[in-house]
Amino acid sequence: MNSVGFWTLVRRELVRSMKVINQVIWPPIITTLLYVFIFGLALGSRIQTVQGVTYAQFLIPGLIMQQVIDSSYGECSSSLFQGRFMNSIQELLVAPMSALEIVGGFVVGSLARAFLIAGLITVLGIVLVHAVPQNWLLFACVIAIVSILFSALGLMFGLMAEKFDHIAILTTFVITPLTFVGGVFTSATMLPPQLRTFELFNPIFYTIDAFRRSYTGESYLPPIYSIAAVVLLAAVALAVVLRMVGTGYKLRV
Amino acid sequence: MSLRVEAGDFFGFLGPNGAGKTTTINAIVGLAQKSAGRIALFGYDNATQWREARGLVGLAPQEFNFDRYLSIRDVLIYAAGYFGLRGPEIAERADMLLERFGLTSKSKVEYTRISGGQKRRLTLARALIHQPKLLILDEPTAGVDVELRLELWEWLKALNAEGLTVFLTTHYLEEAEALCKRIAIIRGGKILTEKPTRELIADGASLQDVFLELMREGQEAGV
């Protein structure tokens, strides 16, 4: 096990995030602030309560999940694709590092960035709308599992992409729409019954539903089901990406 | 292709464009996957004992592939990290290599801010940071001026004299003639000849004459 190589890659990913801080850390914070002001405070004042909390407080966990998903996917997909594009990925490939160490390095680096962003938004939520997580263990677990899932998906698309444009395909056509309809702004109980059934086919619904429980203590599904679903998806995604890196898919000629 | 490079050798691996030089290098360092055959590095199979094998090799690729987010010094420190090395001795070695290759004054800048010659020197420094036993150089002097080329030659000779095995590909035949103790010339993935440099140019012919003659024969033989 090359643990030094693994932690070097984690550190490198964090250095990268800090070098492009205006691109990857501040935008999600500003976007969240805007959502809180416009949807939470302005429009939300017309809504009584949702799951026992104000609409602005209800919104915070959804917004955190949205940014964790975006950040994790974006970090891994763009870092890996950039490494392929600039050939700097060869530094890892010629080093005595296994697929597990390489994938692990990218994922843990991405996880650290996701926690940083989630932490900043959590502080904003506490300060602005007094939204405080009630179950910190569930809070941390869901962020970790969701970040691992979307980091693995990011690595997959970072490997498959032939140009930068390709890594945006999943975000534009899948992640963003599913996130918006997955419960960031609404509770499943607000939806008509037929749409609630549809939500069960949306993996992002499970992530937001379980995460919101860490704030409100309520969820549409028992959190164990949601967490199990996300863990299963994350395990499959990790297995696939480990296989891709292990066989050198689009990395070794 | 069957090839054996002795430890401590300065081995030239020559051939025209598309002969398979870079592919061979990629297969040695693990950037290319072999469909058949075996490559052993100091006794370690590079497929089954890849960790040990890769740890013994330093690669200076033809194209610059540095991490754009790191400073020149960090390029070396992080490269060592990927090879499982860290600590004050690595920082000292990085500083020593920066000094040796005349890059100390640039240690804090990013690689995009240094010249082509400095990038070429950084490539060499990075390949040496983990103290490999085999240094693989893919066109190490491509695009550098005469002055730096001669400087690089001196460095490479000194490194070889210190016991480092060097595997060199180059299109500059005078470079191979000046540096290599043994040379293999390939075409179409096949070795046309492999001899000590002195034997190859024994009858007063230049390496260029020998190379062109072999290419002509290879073409006639359909290689």
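Residues numbered from 1 in each chain as written. Chains lettered and ligands numbered in written order. Predicted model: local features only at pLDDT ≥ 70, side-chain atom pairs only at ≥ 80, totals over all residues.

### Some points on the overall build of chain A
Logical step 1: The helix and strand tally for chain A stands at 11 helices and zero strands.
Logical step 2: Along its sequence from the N terminus, chain A presents helices and strands in the succession α-α-α-α-α-α-α-α-α-α-α.
Logical step 3: Against the compact-globule benchmark of 18 Å for 253 residues, chain A has a radius of gyration of 18 Å, which places it among compact chains.
Logical step 4: Scored against the burial criterion, the 253 residues of chain A give a buried share of 50%. (Helix = DSSP H or I, 4+ residues; strand = E, 2+ residues; numbered from the N terminus. Rg over C-alpha atoms; globule rule 2.2 N^0.38 Å. Buried ≥ 20, exposed ≤ 12 C-beta atoms within 10 Å, placed from the backbone.)

### Description of the overall build of chain B
Logical step 1: Check the secondary structure of chain B and you find nine helices and eight strands.
Logical step 2: For chain B, whose C-alpha radius of gyration is 18 Å, the value lies close to the compact-globule estimate of 17 Å for 223 residues.
Logical step 3: If you line up chain B on its principal axes, its C-alpha atoms span 55 × 40 × 30 Å.
Logical step 4: Put simply, chain B has 223 residues, and 43% of those count as buried.
Logical step 5: Intrachain contacts of chain B at a sequence separation of at least 6 include 66% that bridge at least 24 residues. (Contact = placed C-beta atoms within 7 Å.)

### Considering the interface of chain A and chain B
Logical step 1: Contacts between chain A and chain B engage 22 residues on the former and 26 residues on the latter.
Logical step 2: Looking at the side of chain A that touches chain B, the element that brings in the most residues is helix α1 (residues 3–19) of chain A, giving seven residues.
Logical step 3: Residues of the side of chain A that touches chain B, tallied by class, amount to 10 nonpolar, seven polar and five charged. (Nonpolar A, V, L, I, M, F, W, Y, C, P; charged D, E, K, R; others polar.)

### Observations regarding the domain arrangement of chain B
Residues and elements named next belong to chain B.
Logical step 1: The domains assigned to chain B are domain 1 (1–56 + 132–223) and domain 2 (66–131).
Logical step 2: Domain 1 and domain 2 are separated by 25 Å when their C-alpha centres are compared.
Logical step 3: Across the contact, eight residues belong to domain 1 and nine residues belong to domain 2.
Logical step 4: Across the side of domain 1 that touches domain 2, the residue classes break down as five nonpolar, two polar and one charged. (Domains from an automatic or database assignment.)

### Some thoughts on helix α10 (residues 203–216) of chain A
Residue and element names in this part refer to chain A.
Logical step 1: Here α10 is 14 residues long and its end C-alpha atoms lie 20 Å apart, about the 20 Å a rise of 1.5 Å per residue gives.
Logical step 2: For α10, a buried count of 12 out of 14 residues is recorded, marking the element as mostly surrounded by other parts of the structure.
Logical step 3: For α10, the set of buried residues is Ile204, Phe205, Tyr206, Thr207, Ile208, Asp209, Ala210, Phe211, Arg212, Arg213, Ser214 and Tyr215. (Expected span 1.5 Å × (residues − 1).)

### Section: the sheet that holds strand β4 (residues 57–60) of chain B
For sheets, the rule is that strands pair by backbone hydrogen bonds, running either parallel or antiparallel.
All names here are of chain B.
Logical step 1: Read across the open sheet, the six strands follow the order β4-β5-β6-β1-β7-β8; overall the sheet is mixed. This sheet does not close on itself; its edge strands, each paired only once, are β4 and β8 (190–196). Going across the sheet, the axis of each strand differs from the next one's by a mean of 15°, ignoring polarity.
Logical step 2: Both strand β5 (residues 134–138) and strand β6 (residues 165–169) contribute to a ladder of five bridges, which runs parallel. Its bridge partner being in β6, leucine 137 is matched across the sheet by leucine 168.
Logical step 3: Sitting on the sheet, helix α1 (residues 21–29) is in contact with β1 (10–14), β4, β5, β6 and β7 (182–187), with an inclination near 150° to β5. (Pairing = 2+ DSSP bridges. Axes fitted to C-alpha atoms, helices over the stretch in contact; angles between N-to-C directions.)

### Considerations on the environment of methionine 190 of chain A
Logical step 1: For methionine 190 of chain A, the location among the structural elements is in the loop between α8 (164–184) and α9 (193–199).
Logical step 2: Placed 47 residues apart in sequence, methionine 190 of chain A and alanine 237 of chain A show a C-alpha to C-alpha distance of 31 Å.

### Remarks on the pairing of β6 of chain B
Residue and element names in this part refer to chain B.
Logical step 1: A large share of β6 lies buried, amounting to five of its five residues.
Logical step 2: Burial along β6 is two-sided: the face carrying Thr165, Phe167 and Thr169 and the face carrying Val166 and Leu168 are both buried.
Logical step 3: Where β1 lies against β6, three bridges are found, and the strand directions are parallel. Within the sheet, the bridge partner assigned to phenylalanine 11 lies in β6 and is phenylalanine 167.
Logical step 4: Assessed by its sense of winding, the connection that carries the chain from β5 through helix α6 (residues 146–161) to β6 is right-handed. (Right-handed = clockwise from strand over helix to strand, strands pointing away.)

### As for the nonpolar core
Logical step 1: Counting 132 residues, the largest nonpolar core has Val146, Leu149 and Ala152 of chain A together with Ala125 and Ile136 of chain B as the members making the most contacts within it.
Logical step 2: Split by domain, the residues of this core number at least three in each of domain 1 (1–56 + 132–223) and domain 2 (66–131) of chain B.
Logical step 3: Other than its neighbours up to four places away in sequence, alanine 125 of chain B contacts Leu76, Leu97, Leu98, Phe101 and Leu103 of chain B. (Core = buried A, V, L, I, M, F, W, Y, C linked by C-beta atoms within 7 Å.)

### Looking at the packing of α8 of chain A against α10 of chain A
All names here are of chain A.
Logical step 1: At a closest axis distance of 8 Å, the pairing of α8 and α10 adopts a crossing angle of 40°. Taken as axis vectors, α8 and α10 run oblique relative to one another. Both α8 and α10 take part in a crossing whose hand is right-handed. Taken together, the residues of α10 that come into contact with α8 (itself represented by Leu178, Thr179, Gly182, Gly183 and Val184) are Ile204, Phe205, Ile208 and Asp209. (Parallel < 35°, antiparallel > 145°, perpendicular 65-115°, else oblique. Left-handed = near helix turned anticlockwise from the far one by under 90°.)

### A look at α1 of chain B
All names here are of chain B.
Logical step 1: The buried fraction of α1 amounts to eight of the nine residues, a majority that puts the element mostly inside the structure.
Logical step 2: All buried positions along α1 are accounted for by Lys21, Thr22, Thr24, Ile25, Asn26, Ala27, Ile28 and Val29.
Logical step 3: Looking at the buried side of α1, the elements it contacts are β1, β4, β5, β6 and β7.
Logical step 4: Positive phi shows up at glycine 30, right after α1, with a value of about 95°.

### Here we look at the packing of helix α4 (residues 55–86) of chain A against helix α7 (residues 136–160) of chain A
Residue and element names in this part refer to chain A.
Logical step 1: Between α4 and α7, whose axes approach to 7 Å, the crossing angle comes to 35°. The handedness of the crossing between α4 and α7 is right-handed. Here α4 contributes Met65, Val68, Ile69, Ser72, Tyr73, Gly74, Glu75, Cys76, Ser77, Leu80 and Phe81 to the contact with α7, which in turn contributes Ile143, Val146, Ser147, Phe150, Ser151, Leu153, Gly154, Leu155, Phe157, Gly158 and Leu159.
Logical step 2: Class assignment of the residues belonging to the contact of α4 with α7 gives a composition of 14 nonpolar, seven polar and one charged.

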